[in-house]
Amino acid sequence: MSELTARWYGHTLVIGVDERLPWNLVEALPSERDRHTVLLAGDAPLAAEPVARLIGEELPKAGSIRLACSAPGAGRIAQQLADRLSVDVVAPLGPTMLVGPGSLFVVRRPRTDSWRLHRPGDRPRDIDSPRHPAPSWQVPLPRQPFGRLHGLVAHELPAGFWLHRPQRRPLPADDPAYAIEVDGERVVILVGQPDREPPSPRRVYRWLSRLPLTALGRLVLMPYGPWGPLLDTVAGRLSTDLHVTVGRTAGLPVRSRGTTYHVSVDGAGRTGSRPPAQTMSYLTDDPVPRIETWISPTSGRLATGRPVEDVTDRWLVEVVRAGYWLREADAPGSDDVRLRPAGSGDTFLVDVTGAEAHDLARLLAARLPADIRGSLRFEQRAEPAVEQVDEPARQHDRGLADQDTVAPAAATPVSSAIPATLTAPAAPTVPPILSAPQVRPAPQTPPATAAVPAPATLSAAAAAVPRSPVSAPPQQAQPAQPAAVAEAATPAPLRHRTAEPAPTPPTPPSTDRSSAAVPATRGATASATSASGPASAALPPMPPLRRQAGAVPAPAPRRSNVHEQRRVREHLGAQYDVHARDVTQLLVRLPGIRPGVDESTDAVMADLVAVAATLRPGRTGTEPALRACLLSGLNRLPTALGPVRGWAPADPVPHRTGDVLISPGLLRAGGQAPSDERHDEYTVYSLTGRRPGVLSDRDEVLFAPGTVFEVLDTATGPDGVRRVLLSEVAGPETGAPSHEQVLESLRADASRRR
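Residues numbered from 1 in each chain as written. Predicted model: local features only at pLDDT ≥ 70, side-chain atom pairs only at ≥ 80, totals over all residues. Heavy atoms only, no water.

Undergrad: I tried to follow the sheet that holds strand S8 (residues 115-118) on my own but got confused; where do I start?
TA: Note on sheets: strands pair through backbone hydrogen bonds, and any given pair is parallel or antiparallel. One open sheet holds the 7 strands; their spatial order is S1-S2-S3-S4-S5-S8-S9, and the pairing between them is mixed. Only two strands of the sheet have a single partner each, and these edge strands are strand S1 (5-9) and strand S9 (125-127). Direction aside, the axes of adjacent strands within the sheet are offset by 25° on average. As judged from the 5 bridges shared by S1 and strand S2 (residues 12-16), these two strands associate in the antiparallel manner. Directly across from Trp 8, in S2, lies its bridge partner Leu 13. (Pairing = 2+ DSSP bridges. Helix = DSSP H or I, 4+ residues; strand = E, 2+ residues; numbered from the N terminus. Axes fitted to C-alpha atoms, helices over the stretch in contact; angles between N-to-C directions.)

Undergrad: For this particular structure, what's the right way to read the nonpolar core?
TA: Nonpolar side chains tend toward joint burial in soluble globular proteins. Of all hydrophobic cores here, the largest spans 60 residues; its most connected members are Ile 189, Leu 208, Tyr 324 and Phe 348. Among residues more than four places away in sequence, those in contact with Phe 348 are Tyr 324, Leu 326, Ala 361, Leu 364, Ala 365, Leu 376, Arg 377, Phe 378 and Glu 379. In terms of nonpolar packing, the next biggest core, distinct from the first, is built from 30 residues, Cys 629, Leu 666, Leu 695 and Ala 704 among them. (Core = buried A, V, L, I, M, F, W, Y, C linked by side-chain atoms within 4.5 Å. Buried < 20%, exposed > 50% of the residue type's maximum accessible area, 1.4 Å probe, protein only. Contact = heavy atoms within 4.5 Å.)

Undergrad: I tried to follow the pattern of salt bridges on my own but got confused; where do I start?
TA: Between side chains of opposite charge, a pair can form as their charged atoms come close. Per the stated rule, a full pass over the model turns up 32 salt bridges. With its nearest N and O atoms 2.4 Å apart, the salt bridge here joins Arg 558 to Glu 564. Of the residues examined, Arg 558 reaches a relative accessible area of 48% and is grouped as partly exposed. You can call Glu 564 buried: its relative accessible area is 14%. Taken together, the shared-partner salt bridges connect Glu 318, Arg 327, Asp 335 and Arg 338 into one network. (Salt bridge = Lys/Arg side-chain N within 4 Å of Asp/Glu carboxyl O.)

Undergrad: Sorry if this is basic, but what is going on with the sheet that holds strand S7 (residues 103-106) here?
TA: Spatially, 3 strands are ordered S6-S7-S10 in an open sheet, and the strand pairing comes out antiparallel. Each edge of the open sheet is held by one strand with a lone partner, namely strand S6 (96-99) and strand S10 (131-132). In this sheet, S10 lies alongside S7 in antiparallel orientation, the contact comprising 2 bridges. Across the sheet, the residue bridging to Leu 104 is His 132, located in S10.

Undergrad: Is there a simple way to think about the pairing of strand S20 (residues 290-295) in this case?
TA: Within a regular strand, side chains alternate between the sheet's two faces. The element S20 is extensively covered by neighbouring structure, given that 6 of its 6 residues are classed as buried. Taken together, the 4 bridges between strand S19 (residues 277-282) and S20 define a ladder with antiparallel strand orientation. Within the sheet, the bridge partner assigned to Ser 281 lies in S20 and is Arg 290. The antiparallel hairpin formed by S20 and strand S21 (residues 302-304) contains 6 residues in its connecting segment, where Gly 300 sits at a positive phi of about 75°.

Undergrad: Just to check I follow, could you spell out the packing of helix H14 (residues 601-615) against helix H15 (residues 624-634) for this structure?
TA: For any two helices packed against each other, the geometry is given by the interaxial angle and the distance between the axes. It is at 7 Å that the axes of H14 and H15 come closest, and there the two elements cross at 105°. Looking at the two axes, H14 sits roughly perpendicular to H15. Across from Ala 606, Asp 607, Leu 608, Ala 610, Val 611 and Thr 614 in H14, the residues of H15 making contact are Leu 626, Cys 629, Leu 630, Ser 632, Gly 633 and Leu 634. (Parallel < 35°, antiparallel > 145°, perpendicular 65-115°, else oblique.)

Undergrad: Please explain unusual backbone geometry as it appears in this structure.
TA: Working note: non-glycine residues mostly have negative phi, and peptide bonds are mostly trans. At the junction of His 132 and Pro 133, the peptide bond is cis and its omega measures out at -5° in the coordinates. In this structure, Pro 133 sits in the loop between S10 and strand S11 (148-149). One non-glycine residue, Ser 86, lies in positive phi territory at about 55°. Tracing the sequence through the fold places Ser 86 in the loop between helix H3 (74-85) and strand S5 (88-92). Under the relative-accessibility criterion, Ser 86 is labelled exposed at 56%. Of note, Asp 285 is a non-glycine position whose phi angle comes to about 60°, a positive value. With respect to the secondary-structure elements, Asp 285 resides in the loop between S19 and S20.

Rendered as structure tokens:
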């Protein structure tokens, strides 16, 4: 046997001969002020004398240690260490698991203890908690015989509790349920098993309602199988009856390169796609769930905040529980769509008839990651969906009173993009100790870009939807639709709108369907309109973009806090109310801008007032709180996707292809370049630009400070104007268009505007 060694993993001391411990989990173990964690690695029990010697050398002044062992027999050595070192020793009574982010969890049998406190010369004292140290939400299971309540079995998980129907075979310790990361603020309730009948929503509700208030206010319901509709029923009832906010995820979490997604699980235990609505919250007396995190329909990245993105001046896409919803920007949103339950697969709902809307929907779908794109089915909204949601609404009201089971949804086809099986193999004779059960990760989505210093200025023009060489999903691959719902390629007549202005006649569709693009007629019309209207008034030239060495996107901006919001109100004084009227007008036009969980309406108002104040002439001062609210407010505005144009005084040092540029301040894109001075013309492909709407007196697009761009091409025209094509940098492994697609779109936009 090799000699024992002591190694530090962050603030955790590891003693043993095994070098295969997961460094990231061991380093992340929580530190306690008066207690040190010691892990004993190895397959065989270690002798107390050499272990005590190494602990004494590394921790000479320790008053208490928490012990975890890879081999059985921790209790015997724990008491010996307590007596030899004269310290308190907390040791596990069963197999110990390491669960991200660095939590220790003991897999225990029902009605048994998990940890034991050993003191020098005293009898050990049992600790009734499988997690150590315990999270703030930790509560005991409801005291019922054998852990059963109304036909349910409840098991402890590192992240919370697991509710399912009784079964005879024991649960394997390497089931992915044990890999769900611990959140110190939220308690996860995993419901069901993928290969068994789902539990009754009435019984799940009754079990959850018996939890202490400390846990009820922090619930996150998670389906383990196709049981999303069941949890929607339970979450809605809990939030209304008990006046608590209840979270729900779209499936089981997977983690990839620092980002956590939720994937659906079918009845066979296989992972499917990442649903567009990743997490949602149910609020008291609000039947419409609030979407908290979602997959962006324009970039394929994980996003937070308001689940609405502007695609063009006319179209926007909203993420709802059932999928994506494409509609006209000026059309009022309808809760009947937001109330649609998530079924088998996800829906791309097209709200308006016409080739333009359908081509745009398929173009957006073609640019989504493969696992999401493969689960989408297209629908034409032919009439108000009141009748479609009546039955689910009735089930929501009566299901908890007289319904014992919910019919499982049809299994989602397994996507080759996430080829993982969640049904765990049989547990080994001795469960792996200090193990870290894993689920295969979903594809990485790029980090969001955003913030840094104070405002500056820019200029540009209306966005156009890029052309994409990616083929739209083939017609025969779409599932058959009911008679009341028409396929997007052959839309049914629109009956839910009484009147609307006549749209611009679209260009006849090309016979080559490999490039599904919005007809250029509207883009050209919008450009001509903006050139003649007041929205085209010239902005100040944009400041020089600063060159930098590498293309590293800025981190996502944080939300402003109450102190910064109050400081903005004090700083602006009477002007605050003036700008608040513009914000109120914006909120009427865009009702999708809503405060997030634990946010107030005043927070949204203060953030958007900061944006309006920054855009108005005559603003003075660089108040830090105003800057913080500005960045937070930009993140609430609709996203502009596609080419925008700007200009700047001619740069004496010409840009070259491959240059990486960063915006030192707020960039304002919009307006016309002057004809009486030398200037450089910029066409920027926007991924995170924001449209301020009525907050500005011009038609413009805003880029947050710190936004990074890359030069794709430069050329000098016969008029002597240098034209620079820029692409916003969105990070690696992105669902955004490739450089070739962006370059094609920028060149097409530039040639169309000449």
